[in-house]
Amino acid sequence: MGSMDGIIGRHTIWVVWGGALLPLGACAAMAVFRGGVTNATAVLVLVVIVVAAASTGSRTAGIIAAVSAGVWFDFFLTRPYDTFAINDRNDVEATALLVLIGAAVTEVALWGHRQQAHAGRRAGYLDGVLATAESVLLEHDSPDQLVDHIADQIGRVLGVARCRFVERPAPDPRTPVLGHDGQVNRGGRTVDVERDGLPTDDDIALLVTRGDVILGHFMLTAAADIARPTLEQRRVAVLLANQAGSVLAHRAH
């Protein structure tokens, strides 16, 4: 894990350096052909570089690329050349727009990355639910093995340290409960999971029912690492617990 973090860290550093230096190189190259390169063309070239930096998913790289593009556009391609002064109002507007467009493009690219990651997580949840449902229907494994598998899936979806099934009708009344609406209730109040995370000072119970009958519950342990599963993730966990209810009801018969 440490080596992987190091690789990711080095990759980010190279991306940031690329975002800083590529606009410099591009502006220096276009400065050689000042007579044949319009400012509009130069701006488009620099925006492409900013888009490339932002598409890596690094806000820092995108913003640095945008600022670098504005600075070196000013230095190489606006009069007086090779200084950071700008005398023409149109050049001032072009430089300011270049930086603003670069920053805007960076935010759009990051939004796209977040949406893609969200879609990937959702696909993963659905794959887990469908695989579990298939196992339940085909009865490849024993009921105990299926329940253990479901516990593992619930733990993965919620990002908790441990999830185990307890064959008791109901947990201690003081235990926080993940309800079938996806909300966590503790002592009569709703826990703001996305802000505060799942409770770490106590286990959390997820009831397994069949109709109105409580067959047991999954005991979730968040431990020291604060988990903040979304409402969607918590509802997927509830759906998985319902599949465990089907397994246990079948075993009872």
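Residues numbered from 1 in each chain as written. Predicted model: local features only at pLDDT ≥ 70, side-chain atom pairs only at ≥ 80, totals over all residues. Heavy atoms only, no water.

**Considering the overall build of the protein chain**
Okay, so step 1: When helices and strands are counted, the protein chain shows seven helices and six strands.
Okay, so step 2: Considering the protein chain as a whole, with its 253 residues, one finds that 37% of them fall into the buried category.
Okay, so step 3: A separation of at least 24 residues holds for 70% of the contacts in the protein chain among residues at least 6 apart in sequence.
Okay, so step 4: For the protein chain, the accessible surface area stands at approximately 14,200 Å², while carbon and sulfur atoms represent 60% of it. (Helix = DSSP H or I, 4+ residues; strand = E, 2+ residues; numbered from the N terminus. Buried < 20%, exposed > 50% of the residue type's maximum accessible area, 1.4 Å probe, protein only. Contact = heavy atoms within 4.5 Å. Areas by Shrake-Rupley, 256 points an atom, 1.4 Å probe, with all protein chains shown as cover.)

**Some details on a nonpolar patch on the surface**
Okay, so step 1: A grouping of Ile-13, Trp-14, Trp-17 and Leu-21 is seen on the molecular surface, where their side chains present a nonpolar patch of about 520 Å² in accessible area.
Okay, so step 2: Assignment of secondary structure puts Ile-13 in helix α1 (residues 2–31).
Okay, so step 3: Residue Ile-13 is classed as partly exposed on the basis of its relative accessible area, which comes to 48%. (Patch = residues over 30% accessible without salt bridge, like charges linked within 9 Å, V, L, I, M, F, W, Y side chains within 5 Å. Salt bridge = Lys/Arg side-chain N within 4 Å of Asp/Glu carboxyl O.)

**Here we look at the pairing of strand β5 (residues 204–210)**
Okay, so step 1: Counting buried positions over the seven residues of β5 gives five, a clear majority of the element.
Okay, so step 2: Across two bridges, strand β2 (residues 177–178) lies against β5 in parallel orientation. Within β5, the position partnered with Leu-178 by the bridge is Leu-206.
Okay, so step 3: By the bridge criterion, seven bridges tie β5 to strand β6 (residues 213–221) in an arrangement that is antiparallel. Bridge assignment links Arg-210 to a residue of β6, and that residue is Val-213.
Okay, so step 4: Hairpin connection, β5 to β6: the antiparallel pair is bridged by two residues, and Gly-211 has positive phi, about 70 degrees. (Pairing = 2+ DSSP bridges.)

**So, the sheet that holds β5**
Okay, so step 1: An order of β1-β6-β5-β2-β3-β4 is seen for the six strands of this open sheet, with the pairing classed as mixed. Sheet topology places β1 (162–166) and β4 (189–191) at the edges, where each strand pairs with a single neighbour.

**Quick word on the packing of helix α2 (residues 39–54) against helix α3 (residues 59–77)**
Okay, so step 1: Look at α2 against α3: their axes get within 8 Å of each other, and the N-to-C directions meet at 160 degrees. On the basis of the axis angle, α2 is roughly antiparallel to α3. The interaxial crossing formed by α2 with α3 has right-handed handedness. Seen from α2, the contacting residues are Asn-39, Ala-42, Val-43, Leu-46, Val-50, Ala-53 and Ala-54; seen from α3, they are Ala-61, Gly-62, Ala-65, Ala-66, Ala-69, Phe-73 and Leu-77. (Axes fitted to C-alpha atoms, helices over the stretch in contact; angles between N-to-C directions. Parallel < 35°, antiparallel > 145°, perpendicular 65-115°, else oblique. Left-handed = near helix turned anticlockwise from the far one by under 90°.)

**A short note on the side chain of Thr-175**
Okay, so step 1: Among the structural elements, Thr-175 can be located in the loop between β1 and β2.
Okay, so step 2: The exposure class assigned to Thr-175 is buried, which follows from its relative accessible area of 11%.
Okay, so step 3: Those residues in contact with Thr-175, other than ones at most four positions away along the chain, are Asp-202, Asp-203, Ile-204, Ala-205 and Met-219.

**Re the packing of aromatic side chains**
Okay, so step 1: Inspection of every chain in the model, using the stated rule, returns six aromatic pairs.
Okay, so step 2: A ring pair is formed by Trp-72 and Phe-84, whose centres lie 6.1 Å apart and whose planes are at 50 degrees; its orientation type is tilted. In this pair, Trp-72 sits in helix α3 while Phe-84 sits in the loop between α3 and α4 (89–138), placing the two residues twelve residues apart along the sequence.
Okay, so step 3: The class of Trp-72 is partly exposed, set by a relative accessible area of 22%.
Okay, so step 4: Residue Phe-84 is classed as exposed on the basis of its relative accessible area of 51%. (Phe/Tyr/Trp six-rings, centres within 6.5 Å; stacked < 30°, edge-to-face > 60°.)

**Points about the pairing of β6**
Okay, so step 1: The sheet contact formed by β1 and β6 spans five bridges and is antiparallel. From the neighbouring strand, Arg-164 faces β6, where its bridge partner is Met-219.

**Some points on the nonpolar core**
Okay, so step 1: If you look at the biggest cluster of nonpolar residues, it comprises 29 residues, and the most contacted ones within it are Ile-154, Leu-178, Leu-198, Leu-206 and Phe-218.
Okay, so step 2: Contributions of two or more residues to this core are made by α5 (143–158), β5, β6 and α7 (231–252).
Okay, so step 3: By residue number, the principal contributor to this core is α7, which donates eight residues.
Okay, so step 4: With residues near it in sequence (within four places) discarded, Ile-154 still touches Cys-163, Leu-206, Phe-218, Leu-220, Ala-237, Leu-240 and Ala-241. (Core = buried A, V, L, I, M, F, W, Y, C linked by side-chain atoms within 4.5 Å.)

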